[in-house]
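So you can see what is in the structure, the chains are spelled out below.
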Amino acid sequence: MSGIGVVVPARDEEDLIGECLASIARASALVAVPVVVVVVADGCSDATAAVARGFAGVEVVELAPVGVGLARARGVAAVLARGVEWISCTDADSTVPENWLAEQWRLHREGRALMIGTVRPRFAELSPAHVAHWRATHHRGFPNGHVHGANLGVSAAAYRAAGGFAGLDEHEDVDLVARLRALGVAEVATDACEVETSARFEGRTAGGYAGHLRRIEAELAG
């Protein structure tokens with residue numbers, strides 16, 4: 001099989017994973033290659049796995065709590081076993097645009113091995129001051145190159161060469177990208193397929209995007 005593998009780690013995301021998977025389904029319908037979607041339920045105590053299984057074609061891997069790094073690695077192992085050429089990563093509290101997979105596949109066919117995509121918080125969940133700050137520091141057409149596991153794509157060959165996701169509790173995405181860059185893979189930072197993610201301040205890891213939003217909110221309040 002040649003195509004795309006989508007990996008979604010999740011911990012207790014029953015309220016949000018449905019929207020995530022629905023958006024992936026819409027993106028999958030607009031790409032002319034097979035798409036395999038794997039949700040890794042990492043120590044979930046809610047109905048995350050059951051919600052995910054309600055989506056046709058979605059494979060669910062249930063694990064005891066292992067952390068996001070190992071959860072992503074397990075999901076990637078599952079899609080690689082299906083023979084995919086490209087790996088697309090997002091998070092269970094995020095929604096992807098309709099062109100998300102088509103854009104990544106285009107970049108892959110052009111010879112890129114790494115896509116670093118932008119992420120936008122849901123403005124309705126932020127204060128007006130925070131939204132204004134975000135708009136003032138993010139300009140369309142000028143992606144900042146920040147690494148987000150919620151919008152990351154990598155070729156299967158490059159992923160294997162770099163050794164895959166490490167078993168880290170956070171920043172496993174940054175770690176992988178550092179090793180890919182050390183290999184000199186062809187990369188691109190883009191906002192052409194920007195992902196929208198939860199603007200909650202308490203995430204599933206100690207830092208991550210939620211920690212970033214929390215720090216910005218504190219600075220604005222101070």
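Calculation rules
- Residues numbered from 1 in each chain as written.
- Predicted model: local features only at pLDDT ≥ 70, side-chain atom pairs only at ≥ 80, totals over all residues.
- Heavy atoms only, no water.
- Salt bridge = Lys/Arg side-chain N within 4 Å of Asp/Glu carboxyl O.
- Buried < 20%, exposed > 50% of the residue type's maximum accessible area, 1.4 Å probe, protein only.
- Helix = DSSP H or I, 4+ residues; strand = E, 2+ residues; numbered from the N terminus.
- Expected span 1.5 Å × (residues − 1).
- Pairing = 2+ DSSP bridges.

> Looking at this structure, how should I read the pattern of salt bridges?
It is possible for side chains bearing opposite charge to pair when their charged atoms get close. Inspection of every chain in the model, using the stated rule, returns 14 salt bridges. With a closest N to O distance of 2.6 Å, E110 and R106 form a salt bridge. Residue E110 is classed as exposed on the basis of its relative accessible area, which comes to 51%. Here E194 and R140 are joined by a salt bridge, their closest N and O atoms 3.3 Å apart. Pair noted here: E194 is in strand β8 (residues 187-197) and R140 is in the loop between α5 (128-137) and β7 (152-155), with a separation of 54 residues, a long-range link. A relative accessible area of 57% means that R140 is categorised as exposed. A single salt-bridge network, built from bridges that share partners, covers R72, D91 and E172.

> Just to check I follow, could you spell out helix α1 (residues 17-28) for this structure?
Given 3.6 residues to a turn, an α-helix orients residues that are three or four positions apart in the same direction. A rise of 1.5 Å per residue sets the reference length of α1, with its 12 residues, at 16 Å; its end C-alpha atoms lie 16 Å apart and thus fit the reference within 8%. Burial in α1 covers these residues: I17, G18, C20, L21, S23, I24, A27 and S28.

> Sorry, what's going on with the pairing of strand β6 (residues 114-121) here?
In regular strands, side chains alternate between the two faces of the sheet. Taking burial as the measure, the eight residues of β6 include seven buried ones, the bulk of the element. One ladder, built from seven bridges, connects β6 with β8; its direction is parallel. The partner of R120 across the bridge, within β8, is E196.

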